[in-house]
Amino acid sequence: MSNFLEASKELHKKNSSFGKASEYNTKGSMKHELTIPLAVAAAHQVQPIQHILDHGCGKGGLVNAINEDTSVPAKAYGYDPAVTEFSQLPDHPFDIITSIDVLEHVGRENIGETLKEIKTLDPAFFFFCIDLLPASKKTSDKRNAHFLVAPSDWWAQQIKSYFKIVTAIEVGEMPDQSNYPIHLFGCATNSIKNFDAMTTFLRNVRVANKNWIWNPTQGGATLR
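Residues numbered from 1 in each chain as written. Predicted model: local features only at pLDDT ≥ 70, side-chain atom pairs only at ≥ 80, totals over all residues. Heavy atoms only, no water.

1. A look at the confidence of the model for the protein chain
Detail in the predicted coordinates should be disregarded across regions flagged by low pLDDT. We count it as follows: Think of pLDDT as the predictor's per-residue confidence, scored from 0 to 100. Under the DSSP-based scheme used, a helix requires at least four consecutive residues in state H or I and a strand at least two consecutive residues in state E, with every element numbered from the N terminus.
Confidence in the prediction of the protein chain, expressed as mean pLDDT, is 90, and 91% of residues score 70 or more. Mean pLDDT across the elements of the protein chain bottoms out in helix 1 (residues 2-14) (55) and peaks in helix 7 (residues 195-203) (98).

2. A closer look at the side chain of D95
As a reminder of what qualifies: Remark: exposure states derive from per-residue accessible area (1.4 Å probe, protein chains only) relative to the maximum for the residue type, with buried under 20%, exposed over 50%, and partly exposed in between. Here the positive residues are Lys and Arg and the negative ones are Asp and Glu; neither His nor the chain ends is included. A pairing counts as a salt bridge when a side-chain nitrogen of Lys or Arg comes within 4 Å of a carboxyl oxygen of Asp or Glu. When checking whether two residues touch, look at their non-hydrogen atoms; a contact exists if any pair is within 4.5 Å.
By the element assignment, D95 lies in the loop between strand 2 (75-79) and strand 3 (96-100). Notably, D95 is buried but unbridged: the nearest opposite-charge side chain belongs to K193, and the N-O separation is 9.3 Å. In this structure D95 touches P48, I49, Q50, H51, P123, A124 and F125, once residues within four positions along its chain are discounted.

3. Describing the pairing of strand 2
Note the cut-off: For two strands to pair, DSSP has to find at least two bridges joining them. Call a crossover right-handed when, viewed with both strands pointing away from you, the route from the first strand across the helix to the second goes clockwise.
Burial analysis of strand 2 places four of its five residues in the buried class, the great majority of the element. Two elements, strand 1 (residues 51-55) and strand 2, share five bridges in a ladder whose sense is parallel. Bridge pairing links I52 to A76 in strand 2. Chirality of the crossover, the property in question, places the unit of strand 1, helix 4 (residues 61-67) and strand 2 among those that are right-handed.

Written as structure tokens, this is what we have:
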């Protein structure tokens, strides 16, 4: 994984907007509109949520957003081998592990290793958000920062290889309502006892439940 890890370290070092923490507190940004603190609080009403790990946390934006929100009855931790502050995997059991716009930054030959690591941590459930399109950023050797761009079905199958139960939502369409996959949101677990909590969590992730309309002229999407 060193090839991809070193490229990510360099992006974090040279590009201050790569994985920046403020995205989770900037109203209107996709990271803010994920409404993860709200989703955690909702899932807690179904079963206790005490500890959360953001796997691939960047500069710790989600960790800060959860820990600063007094309505969230849980403590968040971060792990990201490309960021010095979060380079050590916390030694702690977790109720939820999140992976937000991270898996597409992992090389295809290493994706199984990453998902296996998440499974081994044995969360009650795993929340994933995967970008299905190429990134706007490039590495110093001119590779696209999304090292792994693949269709939703492929991603779902990779996750299903490590988790028995997977619920996924694909979003994205053109203005004429034809299919144009942009993001894949979902949750996975290895126990049916966690199904209600993870479904409640996913239902409260705001952007996963919106229509994403791609604007070809602007190269971006609007949500309805």
